[in-house]
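Here is how the chains run, residue by residue.
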Amino acid sequence: MAKPKIAFFKFSSCAGCQLNVLNLEPILLDIVGAVDIRYFVMAKRENFEGPYDIGFVEGAVTSPRELMELKKIREECSILVAQGACACHGGIPSVKNFSGMTQKEMEQRVYTELWDLKSFPAQAIDYYVKVDAYLKGCPMDKDEFVTLVTSALKGINPLFRYHSVCNECKLKENNCLVLTKGKACMGSVTAAGCGAQCPSLGRPCEGCRGPASDCNAASLAKTFIDLGLSRDDVVRKFRKYAGNTPEFSKGAEAV
Amino acid sequence: MSDRRIFVDYIARTEGDGAIDIVIGPNGEIKKARWEVWEPPRFFEAFLVGRKYDEIPEMVQRICGICPHGHHLAAVRAVERAMGVKVSRQTTLLRELLHYGDWIQSHTLHVYCLAAPDYLGYESVLAMAGNEELLPVVKQALSLKRLGNDMSVLIQGNEIQNRTSVVGGFTAVPSGSELRKIKERLKEAKDFAVATVRLGAKVASQDPYPQLVRKCEHVSLREEGKYPINGGRLVSTEGLNVPDWEYPEWLIEKHVPGCNCKHAIVKGRDSFLVGPLARVNNNFDLLSKDAQAIAKEVGFTVPDFNPFHSIIARGIELVHAIDTAMELIDELGDPVYEEPKYEIKAGEGYAVTEAARGICCHGGRIDKDGVCQKWDIVAPTSRNVYNLEKDFEYFVPKLLNLSDEELTLKCEMMIRNYDPCQSCATHSIKVNLRREA
Ligand code: SF4
Ligand code: SF4
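Residues numbered from 1 in each chain as written. Chains lettered and ligands numbered in written order. Predicted model: local features only at pLDDT ≥ 70, side-chain atom pairs only at ≥ 80, totals over all residues.

*Asks:* Explain the overall build of chain A here, please?
*Replies:* The number of helices and strands found in chain A is 11 helices and 5 strands. By the compact-globule yardstick of 18 Å for 255 residues, chain A fits well, its C-alpha radius of gyration being 19 Å. Dimensions of chain A along its principal axes, counting C-alpha atoms only, are 55 × 50 × 25 Å. Counting the 255 residues in chain A, one finds 52% classified as buried. Restricting the contact set of chain A to residue pairs at least 6 apart, pairs at least 24 apart contribute 73%. (Helix = DSSP H or I, 4+ residues; strand = E, 2+ residues; numbered from the N terminus. Rg over C-alpha atoms; globule rule 2.2 N^0.38 Å. Buried ≥ 20, exposed ≤ 12 C-beta atoms within 10 Å, placed from the backbone. Contact = placed C-beta atoms within 7 Å.)

*Asks:* Can you walk me through the overall build of chain B in this structure?
*Replies:* When its secondary structure is counted, chain B shows 14 helices and 15 strands. For 437 residues, the compact-globule formula gives about 22 Å, and the C-alpha radius of gyration of chain B, at 21 Å, lands near that figure. Reported as C-alpha extents along the three principal axes, the dimensions of chain B are approximately 70 × 50 × 35 Å. When the 437 residues of chain B are sorted by exposure, 60% land in the buried category.

*Asks:* What exactly am I supposed to notice about the site of ligand 1 here?
*Replies:* Taken together, 17 residues surround ligand 1, and among them A:Cys14, A:Gly16, A:Gly84, A:Cys138 and A:Pro139 come closest. Surrounding ligand 1 is a set of residues that belongs to chains A and B. Mapped onto the shell around ligand 1, the elements with two or more residues apiece are α1 (16–22) and α4 (85–89) of chain A. Tallied by class, residues from the shell around ligand 1 come to 8 nonpolar, 7 polar and 2 charged. (Near = placed C-beta within 6 Å. Nonpolar A, V, L, I, M, F, W, Y, C, P; charged D, E, K, R; others polar.)

*Asks:* I'm lost on the environment of B:Glu58 in this one. Help?
*Replies:* Here B:Glu58 lies in helix α2 (residues 55–60). As for B:Glu58 and B:Asn282, which are separated by 224 residues in sequence, their C-alpha atoms are 31 Å apart.

*Asks:* Any chance you could explain the site of ligand 2 here in plain terms?
*Replies:* Every one of the 14 residues lining ligand 2 counts as a neighbour, but A:Cys194, A:Cys198, A:Cys205, A:Cys208 and A:Arg209 are closest to it. Chain contributions to the surroundings of ligand 2 come from chains A and B.

*Asks:* Where do I start with the sheet that holds strand β5 (residues 133–135) of chain A in this structure?
*Replies:* Residue and element names in this part refer to chain A. Reading across from one edge, β2-β1-β3-β4-β5 is the order of the 5 strands in this open sheet, with parallel pairing throughout. The sheet is open, and its two edges are formed by β2 (36–40) and β5, each paired on a single side. Mean inter-strand twist for the sheet, computed between neighbouring axes without regard to direction, equals 25°. Across 4 bridges, the pairing between strand β1 (residues 5–10) and β2 is parallel. By the bridge assignment for β2, Lys 5 is matched with Asp 36. (Pairing = 2+ DSSP bridges. Axes fitted to C-alpha atoms, helices over the stretch in contact; angles between N-to-C directions.)

*Asks:* How should the nonpolar core be read in this particular structure?
*Replies:* Across soluble globular proteins, nonpolar side chains have a tendency to be buried as a group. In terms of nonpolar packing, the biggest core is built from 203 residues, with A:Val57, B:Val79 and B:Ile316 touching the most fellow members. For this core, the leading source of residues is helix α4 (residues 89–120) of chain B, giving 13 residues. In this view, B:Ile316 contacts B:Val197, B:Val280, B:Leu287, B:Ala291, B:Ile294, B:Ala295 and B:Phe300; residues no more than four positions away in its chain are not counted. (Core = buried A, V, L, I, M, F, W, Y, C linked by C-beta atoms within 7 Å.)

*Asks:* Explain the interface of chain A and chain B here, please?
*Replies:* The figure often quoted for interface size is the accessible area lost as the parts come together. The interface of chain A with chain B comprises 50 residues on the first partner and 50 residues on the second. Counting residues per element, the ones that place at least two in the side of chain A that touches chain B are α1, α2 (25–34) and α5 (103–110) of chain A. Its residues assigned to classes, the side of chain A that touches chain B comprises 25 nonpolar, 13 polar and 12 charged.

*Asks:* Sorry, what's going on with the sheet that holds strand β11 (residues 272–273) of chain B here?
*Replies:* Sheets are built from strands paired through backbone hydrogen bonds, the pairs being either parallel or antiparallel. All names here are of chain B. Here 4 strands make up an open sheet; going across it, the order is β8-β7-β6-β11 and the pairing mixed. Every interior strand has two partners, whereas the edge strands, β8 (241–243) and β11, have only one. In this sheet, β11 lies alongside strand β6 (residues 217–222) in parallel orientation, the contact comprising 2 bridges. For His 218, the partnering residue across the bridge sits in β11 and is Leu 273. Sheet strands in contact with helix α9 (residues 276–283) are β6, β7 (233–236) and β11, and its direction is about 70° off that of β6.

*Asks:* How should I be thinking about unusual backbone geometry in this particular structure?
*Replies:* Most of the time, phi is negative for any residue but glycine, and the peptide bond is trans. Residue and element names in this part refer to chain A. Residue Pro 51 is bonded to the preceding Gly 50 through a cis peptide linkage, with omega at 5°. Following the sequence through the fold, Pro 51 ends up in the loop between β2 and β3 (52–58). Between Cys 138 and the following residue, Pro 139, the backbone shows a cis peptide bond with an omega angle of 0°. Position of Pro 139 relative to the elements: it lies in the loop between β5 and α6 (142–154).

*Asks:* Got a minute to help me understand α9(B) in this structure?
*Replies:* An α-helix turns once per 3.6 residues; consequently, residues spaced three or four apart project the same way. Summarising burial for α9(B): 8 of the 8 residues are buried, a large majority. At its buried positions, α9(B) is contacted by β6, β7, β11, α11 (310–332), β12 (347–355) and β13 (358–366) of chain B.

*Asks:* Is there a simple way to think about the pairing of strand β14 (residues 372–378) of chain B in this case?
*Replies:* In the case of a regular strand, side chains alternate between the two sheet surfaces. Residues and elements named next belong to chain B. Pairing of β13 with β14, which is carried by 6 bridges, proceeds in the antiparallel orientation. Following the sheet pairing, Gly 363 is matched in β14 by Asp 376. Linkage of β13 to β14, two consecutive antiparallel strands, is achieved through a turn of 5 residues, within which Gly 370 is found at a positive phi near 80°.

*Asks:* Would you mind showing me how to read α4(B) here?
*Replies:* Residues and elements named next belong to chain B. Taking 1.5 Å as the rise per residue, α4 with 32 residues should run 46 Å; its terminal C-alpha atoms sit 44 Å apart, in good agreement. Of all the bends in α4, the largest measures some 35° and sits at His 110. Positive phi shows up at Gly 121, right after α4, with a value of about 80°. (Expected span 1.5 Å × (residues − 1). Bend = angle between axes of the 7 residues up to and from the residue.)

*Asks:* Sorry if this is basic, but what is going on with the packing of α4(B) against α11(B) here?
*Replies:* How two helices sit against one another is set out by the angle between their axes and by the gap between those axes. All names here are of chain B. Relative orientation of the contacting elements α4 and α11 amounts to 150°, with a least axis distance of 9 Å. Here α11 runs roughly antiparallel to α4, going by the angle between their axes. Crossing geometry of α4 relative to α11 is assigned as left-handed. Looking at the contact of α4 with α11 residue by residue, the classes come out as 15 nonpolar, 6 polar and 4 charged. (Parallel < 35°, antiparallel > 145°, perpendicular 65-115°, else oblique. Left-handed = near helix turned anticlockwise from the far one by under 90°.)

*Asks:* Quick question: what am I supposed to make of the pairing of β7(B) here?
*Replies:* All names here are of chain B. As defined by bridge partners, β6 adjoins β7 across 4 bridges and the pair is classed as antiparallel. Each bridged residue has a counterpart across the sheet, and for Ser 220 the counterpart in β7 is Val 235. Count of turn residues in the β7/β8 antiparallel hairpin: 4 residues, of which Gly 239 carries a positive phi of about 95°.

*Asks:* It is not clear to me how the environment of B:Cys113 should be interpreted in this structure. Could you clarify?
*Replies:* Along the chain, the position of B:Cys113 falls in helix α4. Along the primary structure B:Cys113 and B:Ser124 are separated by 11 residues, whereas in three dimensions their C-alpha atoms are 6.7 Å apart. Beyond its immediate chain neighbours, meaning those up to four positions away, B:Cys113 contacts A:Leu22, A:Ala43 and B:Val125.

*Asks:* What is the right way to read the confidence of the model for chain B from this model?
*Replies:* Fine structural detail should not be taken from predicted coordinates in areas where pLDDT scores are low. Summing up the model confidence of chain B, the mean pLDDT is 90 and the portion of residues at 70 or higher is 91%. Counting contacts from residues 425–431 of chain B, a segment whose pLDDT is below 50, to residues more than four positions away or on other chains yields 57 contacts. (pLDDT = per-residue confidence, 0-100.)

Next comes the structure, spelled out in structure tokens:
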């Protein structure tokens, strides 16, 4: 079989997810050897036009130019992967969607001269095009990236399972931050896969991987109120990494 | 008569999305020299208003995945200044160690993966790895980069976005035995860092780089008694010397039509350079002994106004980072968990850190409920954009005898000297070079 042609693209984002590919140092050269990287501007000077077998897209869509490119990329890629919270759910760039300001007011706050800034609400890429696989998290999980690439090489489905972060916390035998410390942890509504990275280090989950399957955000929102959070605090929790999603919207709207 | 135009859309081996557009007139005069950043703005300064004080450091580290630590630590310190929070010595040391880990990761990435391919004639580090002689070097570089990353993972739980560092301290601290394992690896990595300085000096001594000197103001932090990383006073090669929190008054910016980032000048003066070269120039005496020794061995003297020598400065800082990280680990001993404790208070605060690619400034106002009312962010790359355009204007006329292909590469290198992160700058690289016949 020919090596799959791979491409990496970036929209509105911090580039951390692409960097996380280069952070695979011990196996980077092996991975690179198993595929044919055709487009990766951050790492290479020679980049080639599509079509590609797998396209990884980092970042939220926030401008007409990005939307145009995304549609072209979709046509060029057999498998399109949303890489990281920004591409999967809108991520931190989507916080602006809920700032209560109009786009114009925001632009005036940041820039004094408003020439041709064209920006619209930040959306996940599947708001506009069909997405075949998701690498959740802020940043995306490196191990899941490797699983996805090796699965593609074998022609099988990567089988990511999005039960809640709580499950991983239990496997690690952590004390629950909500029950034992009264902290506002989003783990019970957030998709697992990070190995409960934050709660294992004493930090409440902030929901960076987006909604778990069958999550009950409304109920968690009420628990947060019982823990002493204000209504605004609760809204901020649910309108952060995945505020666009219907699941987390239910949490924000429950209080 | 046609202009000679160098145009590169998507500048490779930088982070983010931008373009170079240069137009050269018939007499070799530069009619236009623009570095255009295509990154759409993400409006952090706008949407942070109304968020909680503890979300500011969490969110601003998402401005740039290449220097998240610089943004995060500047914001943490600004919030702490605003609310009058004092942190322990252990927290200060851990924050420094965390940031030095990031310098090791970032400088190694830049020297070997982003810059070296230009000097050695490869399109990427992956192509370099295909050369049997270079493969061992690439492997060593990747393992040094990994070491920097492992320092982040140990202290903050993740290579990029931190999970443990919060206002007032850390939610978890590494054990002394894990830190000492890192120290052993740092010890082993030292020779390679020293070799990096020699490599940088060798490649930058090739023609035409030694001739490409342009004096401009170099701005960095400077701290009493130690090399600056997470704080200090704002100083420059032209005599600027003010407390870091006064940055909004001294480093001012203008918004330039046609570019999504802001162009920075020192008040009453001109464009300036930030980053490793500025740091080394302003703080040479504070580098570790071995870092100073290797600098002298390769003939590096300060002040050095050749931006192509940034690759040497990064190597020197790698040696310094390794030495200092080992000292920090010794001083940290066996860290114990300290619960972050503070009261939420209204206030205003500003702070500056040295991200790997230069000063990173954050600050604003927080109300009595801990809600952000105003936040100001100036990332290192936006400081450098205007200065880089002046490099183009000054250097391109010296390089007119090169073919378009060669000249384009040199222009790209002028950008890569700054190790720019364009996500940072907007909060790009396309070269577009046109000459008139
Ligand atoms: S998901 Fe997080 S790490 Fe990835 S690009 Fe977005 S902000 Fe950066
Ligand atoms: S614990 Fe939550 S916030 Fe932390 S990495 Fe996992 S999903 Fe993201």
